[in-house]
Amino acid sequence: MMRFLLLFSRQGRLRLQKWYTAISEREKKKIIREMTTMVLARQPRTCNFLQWKDLKIVYKRYASLYFCLGVEHEENELLALEIIHRYVELLDKYFGNVCELDIIFNFEKAYFILDEFLMGGEIQETSKQIVNRAIESSDMLQETMEEYMSKPAF
Amino acid sequence: MSPSVPLQEMIRAIRSARTQCEERGVIQRECAAIRAQFRQTDNGGRSHNLAKLLYVHMLGYPAHFGQMECVRMIASPRYSEKRVGYLGAMMLLDEKQDASLLITNSIKNDLSHSNQYVQSLALCTLACMGSAEMCRDLAPEIDRLLRSSNSYIKKKAALCAVHIVRKVHDLGELFVPSARSLLSEKNHGVLHGAVVLITELCERSPETLERFRKTVPDLVQIMKGLVISGYSPDHDVAGVSDPFLQVRILRLLRILGRNNEAASDAMNDLLAQVATNTDSTKTVGNAVLYETVLTVLDIKSESGLRVLAVNILGRFLLNNDRNIRYIAMTSLQKIVSTDHNAVQRHRGTIVDCLKDQDASVKRRALELSLALVSASNIRSMMKELLIFLSSCPPELRAQAASGIFNAAERYAPSKRWHIDTILHVLTTAGGDVRDETVPNLIQLITNTSELHCYTVHKLYRALLTDISQQPLVQVACWCIGEYGDLLLKGECQETEAVQVTEDDVLDALEIVLQSHMSTPTTRGFALTATMKLSTRITDNVDRIRSIVSIYGSCIDVELQQRAVEYNALFKKYDHMRAAVLERMPVIQKNSLGQTNGELSEEPMKESQPGKVKQEETALPPQPAGQVVDLLDLLGGSQEPLQPGSSVGGSASTQLTAAPTSAGGDLLDLLGGFEPTPLAPAPTVTVYEKNGVTLTLSCEQQSESGLTVTLTASNSTDSDISGFTLQAAVPKSVQLQMRAPSRDSLPAHGGAKLTQLVVLNNPNKVNLKMRIRVSYTCQGSVVQDMVQVDSFPGL
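These numbers were taken from a predicted model, which means no experiment stands behind them. (Residues numbered from 1 in each chain as written. Chains lettered and ligands numbered in written order. Predicted model: local features only at pLDDT ≥ 70, side-chain atom pairs only at ≥ 80, totals over all residues. Heavy atoms only, no water.)

1. Concerning the overall build of chain A
No. 1: The helix and strand inventory of chain A stands at five helices and seven strands.
No. 2: Mapped in sequence order, the helices and strands of chain A form the string β-β-α-β-β-β-α-α-α-β-β-α.
No. 3: The buried share among the 154 residues of chain A stands at 62%.
No. 4: Pairs at least 24 apart in sequence give 48% of the contacts found in chain A among residues at least 6 apart.
No. 5: Accessible area for chain A stands at about 6600 Å²; split by element, carbon and sulfur atoms hold 53% of it. (Helix = DSSP H or I, 4+ residues; strand = E, 2+ residues; numbered from the N terminus. Buried < 20%, exposed > 50% of the residue type's maximum accessible area, 1.4 Å probe, protein only. Contact = heavy atoms within 4.5 Å. Areas by Shrake-Rupley, 256 points an atom, 1.4 Å probe, with all protein chains shown as cover.)

2. Considering the sheet that holds strand β10 (residues 780–788) of chain B
Residues and elements named next belong to chain B.
No. 1: An order of β6-β9-β10 is seen for the three strands of this open sheet, with the pairing classed as antiparallel. Strands with a single pairing partner mark the edges of an open sheet, and in this sheet they are β6 (720–728) and β10. Each neighbouring strand pair of the sheet contributes to a mean axis angle of 15 degrees, computed without reference to strand direction. (Pairing = 2+ DSSP bridges. Axes fitted to C-alpha atoms, helices over the stretch in contact; angles between N-to-C directions.)

3. Section: the packing of aromatic side chains
No. 1: Counting across every chain of the model gives eleven aromatic pairs over all chains.
No. 2: Relative to Y326 of chain B, the ring of F49 of chain A has its centre 5.8 Å away and its plane inclined at 50 degrees; by these criteria the two rings are tilted. Highlighted residues: F49 of chain A in strand β3 (residues 49–52) and Y326 of chain B in helix α18 (residues 322–335), drawn from two different chains. Y326 of chain B shares its class with F49 of chain A; the two are buried.
No. 3: Judged by centre distance (6.4 Å) and plane angle (85 degrees), the ring pair of F107 of chain A and Y111 of chain A falls under edge-to-face. Separated by four residues within a single helix, F107 of chain A and Y111 of chain A lie in helix α4 (residues 107–117), roughly one turn from each other.
No. 4: Chaining the aromatic ring pairs together yields one cluster made of Y62, F67 and Y87 of chain A.
No. 5: Taking the ring centre of F112 of chain A as reference, the NZ or CZ of R83 of chain B above it sits at 4.1 Å.
No. 6: For the cation-ring pair, R416 of chain B lies above Y454 of chain B, with the distance from its terminal atom to the ring centre recorded as 4.4 Å. (Phe/Tyr/Trp six-rings, centres within 6.5 Å; stacked < 30°, edge-to-face > 60°. Lys NZ or Arg CZ within 6 Å of the ring centre and 35° of its normal.)

4. Remarks on the packing of helix α15 (residues 261–277) of chain B against helix α16 (residues 283–298) of chain B
All names here are of chain B.
No. 1: Where α15 meets α16, the closest approach of the two axes is 9 Å, and the angle between their N-to-C directions is 145 degrees. In terms of crossing hand, the pair formed by α15 and α16 is left-handed. The residues of α16 that touch α15, namely those facing L271, V274 and A275, are V288, L289, T292, T295 and V296.
No. 2: For the contact of α15 with α16, the class distribution of residues is six nonpolar, two polar and no charged. (Left-handed = near helix turned anticlockwise from the far one by under 90°. Nonpolar A, V, L, I, M, F, W, Y, C, P; charged D, E, K, R; others polar.)

5. What about the sheet that holds strand β1 (residues 2–9) of chain A?
Residues and elements named next belong to chain A.
No. 1: Reading across the sheet, the five strands line up as β2-β1-β5-β4-β3 and stay open at both edges, with antiparallel pairing between neighbours. Two strands close off the open sheet at either side, each with one partner strand: β2 (14–19) and β3. Each strand axis lies, on average, 20 degrees off the axis of its neighbour in the sheet, ignoring direction.
No. 2: Direction of pairing for strand β4 (residues 55–62) relative to strand β5 (residues 65–71): antiparallel, over a ladder of seven bridges. Pairing of Y59 across the sheet is with C68, part of β5.
No. 3: Contacting β1, β2, β3, β4 and β5, helix α2 (residues 77–95) runs over the sheet at an angle of about 40 degrees to β4.

6. A look at the packing of helix α28 (residues 502–514) of chain B against helix α30 (residues 541–550) of chain B
Residue and element names in this part refer to chain B.
No. 1: Two elements in contact, α28 and α30, have axes whose closest approach is 11 Å; the angle formed by their N-to-C orientations is 10 degrees. Looking at the two axes, α28 sits roughly parallel to α30. For the pair formed by α28 and α30, the contact residues are D503, L506, D507, E510 and L513 on the first element and R543, I544 and I547 on the second.
No. 2: Its residues assigned to classes, the contact of α28 with α30 shows four nonpolar, no polar and four charged. (Parallel < 35°, antiparallel > 145°, perpendicular 65-115°, else oblique.)

7. Things to note about a negative patch on the surface
No. 1: Taken together, the side chains of E261, D265, D269 and E302 of chain B define an acidic patch exposed on the protein surface.
No. 2: Owing to a relative accessible area of 49%, E261 of chain B belongs among the partly exposed residues under this scheme. (Patch = residues over 30% accessible without salt bridge, like charges linked within 9 Å, V, L, I, M, F, W, Y side chains within 5 Å. Salt bridge = Lys/Arg side-chain N within 4 Å of Asp/Glu carboxyl O. Lys, Arg positive; Asp, Glu negative; His and termini not counted. Charge placed at Lys NZ, Arg CZ, Asp CG, Glu CD.)

8. Considerations on the pattern of salt bridges
All names here are of chain B.
No. 1: Applying the stated criterion across every chain, the model contains 46 salt bridges over all chains.
No. 2: The partner of D110 in a salt bridge is K82, and the shortest N-O contact between them spans 3.2 Å. Pair noted here: D110 is in helix α6 (residues 104–111) and K82 is in helix α5 (residues 79–92), with a separation of 28 residues, a long-range link.
No. 3: In this structure D110 comes out as buried when scored by relative accessible area, which is 4%.
No. 4: The exposure class assigned to K82 is buried, which follows from its relative accessible area of 5%.
No. 5: We note a salt bridge from D352 to K355, for which the minimum N-O separation is 3.6 Å.

9. Overview of the pairing of β6 of chain B
All names here are of chain B.
No. 1: Among the nine residues in β6, seven count as buried, and that is most of the element.
No. 2: As judged from the seven bridges shared by β6 and strand β9 (residues 769–777), these two strands associate in the antiparallel manner. When the bridges of β9 are listed, A727 appears paired with I771.

10. Some points on a positive patch on the surface
No. 1: A contiguous patch of positive charge, built from R26, K30, R33 and K53 of chain A, is present on the exposed surface.
No. 2: Relative to the helices and strands, K30 of chain A is located in helix α1 (residues 25–40).

11. Looking at the nonpolar core
No. 1: With 282 residues, the main nonpolar core has Y87 of chain A together with I142 of chain B as its most contacted residues.
No. 2: Those residues in contact with Y87 of chain A that sit more than four places away from it in its chain are L5, L7, L16, F67, A110, I113, L114 and F117 of chain A.
No. 3: Membership of the second largest hydrophobic core comes to 31 residues, among which are V692, L696, L710 and V757 of chain B. (Core = buried A, V, L, I, M, F, W, Y, C linked by side-chain atoms within 4.5 Å.)

12. A short note on the pairing of strand β5 (residues 705–714) of chain B
Residues and elements named next belong to chain B.
No. 1: Counting buried positions along β5 yields ten of ten residues, so the element is predominantly enclosed.
No. 2: Burial along β5 is two-sided: the residues G705, T707, T709, T711 and S713 and L706, V708, L710, A712 and N714 are all buried.
No. 3: Bridge count for strand β4 (residues 692–700) against β5 is nine bridges, and the pairing is antiparallel. If you follow Q700 over to β5, its bridge partner there is L706.
No. 4: In textbook terms, the turn of a hairpin is the stretch between consecutive antiparallel strands, and for β4 and β5 this stretch comprises four residues.
No. 5: Looking at chain direction, β5 and strand β8 (residues 753–760) are connected through eight bridges and run antiparallel. Across the sheet, the residue bridging to T707 is V758, located in β8.

See below:
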């Protein structure tokens, strides 16, 4: 299973963090620091896989953002790269030519998309179209519900 | 999508802050505003406030005061609020927080909500941060949802079930029937979830694994469908149909086929098909191939398939993509012990990867190369490894050096090659080798007596070039001290002759002594080497004397002690200097251990510490078994006897057992006593038979203490081996047998054997001793007994 997914910029600023195991805040901060240092120190044309403690770290750089996935020992690293790529494609479809600013200003949308694609550390849906349709429907629901419900019904 | 304007304004404000301090100020103001908003019961912008708080949390600022707000928002009927509330719960409320239990009820309600998107929120949150308590409460709900007709919900419920099984292992049983039935779904999302769930259940419990083995044909069917079917726009990724599902199914097949012939047979064809049909030009195809290879190598596959798998890995090794090379080497590492020959075929490529730029690839290549070293390829492999060592990243040096040493030790084709290799490693990576390398190398050098000249020349030259690598300098100093005469002779068969004068050698050693790079240990080596040279050179003895006396007042205590002792050797015991500083004997392999360090410090004339150590461990078990015999045979005083026991050996004890025939001179080296002229002790022959003579002499040490020396010699024509003495004395007398000086007697009285026996007779009884002699001569074991009733000199 995947343990965590981190997105950070070239300067080391965190843009998204998703944790699939229960860890304390301190531990999370420590891991984030270590990941950013390790990944940002890598040379441009090197291997995308690293060994860190008992996890495999798979990272890929897209423009100014680093996508860093921490997976367990039995996971297929090449497939992890594909997972990262699929997520980027989903973001791209949603935001239309996604860039870092989109993810900064609409971070909650990025999370919603992620939650339609991955769940509990595993892939939830393997079809791009189904994920996109689900996001669109949820957004639609949000808007109509807002219009429809002028007062809270308890 | 309606952008959350207040949220975006805040983000803009934070980003425009120019310093950390300014940013903190903005955030503090915003947080205060958010807190105020939370206290208000109802307003339209609740979701925006929580979203703002979550952004602040992501920047690293504390946000715990938002936890209760999350709980409230989850309970709200508005979808927008629920959405953000659940997001907040996943970010702020992990199972360690107490507030997480409060949302259990909301989740339960939302799981039965009429709208599937609300249900999905609840399922997602449960799968992400559900604690064991929550899982136990909600498991029946999840099971019900697994049977719903909505595939959107089913797939999420499956992954939720996976999380539940991970948290509470016992609940796995609950999901087995539903998991089984989900395999017949057509929807890929549900199928994927089902495969993940079954994998998890099988990994947790072997009985479940047995039950699910029956699904192998179904899985094979599904895979075949994916591989052969035409283009499906929904799931296609670069020509491969749903690679995510394929990989997952392959993993499950691996688990089901492991250690099971029948299951492995059922999947053989399929694996062969996937291996040959998958397009390997893109990463996706390679991901599927990789998983296939892992599966083939792990199950009981037929040999043809295995060969196919290793060949795929070989192809991966030649791929331009570094990632693929990396995973190929990782997989080869796993099978190098079982399929050694298959991996050997790719040795060339692997060795090439040692030169790769990437540190991860280098590490894998190093591990694999070391595993592939064998007697046939040792020379070429070592060349490559040594080149690698000179350019490898620092974190890999220690591993490389120790790997090279191990390989060299196991497969060295010749002694000279071995020594050369170790020297090479010491010059390139001397700082990263382990401590026992120095004694190991010294032992190796002493054992190859024919190469002493060559070795000392090489080391001298290495010393001249660089004195910063401590292990190298230590070995070099030791060798120069030992074999300095060979160095000065100038000629050498193996390397070209170079004229070295005594002054050059002493200069070199002095540089080491004075350099600030030398550690105290190294200095000690250099000082001792200088001292040893005093017997091997002729002209500059005075220079050595002056060097040594300077260090008599050195701050370092170890050096000072040595210098003082060596000074004493010059002044008072000059007659013994030659004997003391003689060539060292060949060091036995077993004697490596603590005594090794002391060996180089205390040159002893006839020292066989290794043999003695073995002797001492061998002796104690013997007397116990034969005590009974001696008991029966001891007539006279009818006292139960004291079996002789040997004392454990340390160098100092060794000295006391050292041939006392050489006089007490050697004892003085340690303490600096005044030499006492030893009056020859009266000896009496107690046993003489078949050419073996045993004489006894004794000396009164104190009121009740007595030292008895037994000396044995052999005047026959054949050697005697395994010579041991055992002694028994009356009960009230305490007996202690020291280690014998040797255990064999060469023919024609070539050498004598001496053993010391220390007695303590507090009651002053009449002293008797029964001695049993046993030895092997010409293949036959001889045992004999003699009783001593009177002791000379008493």
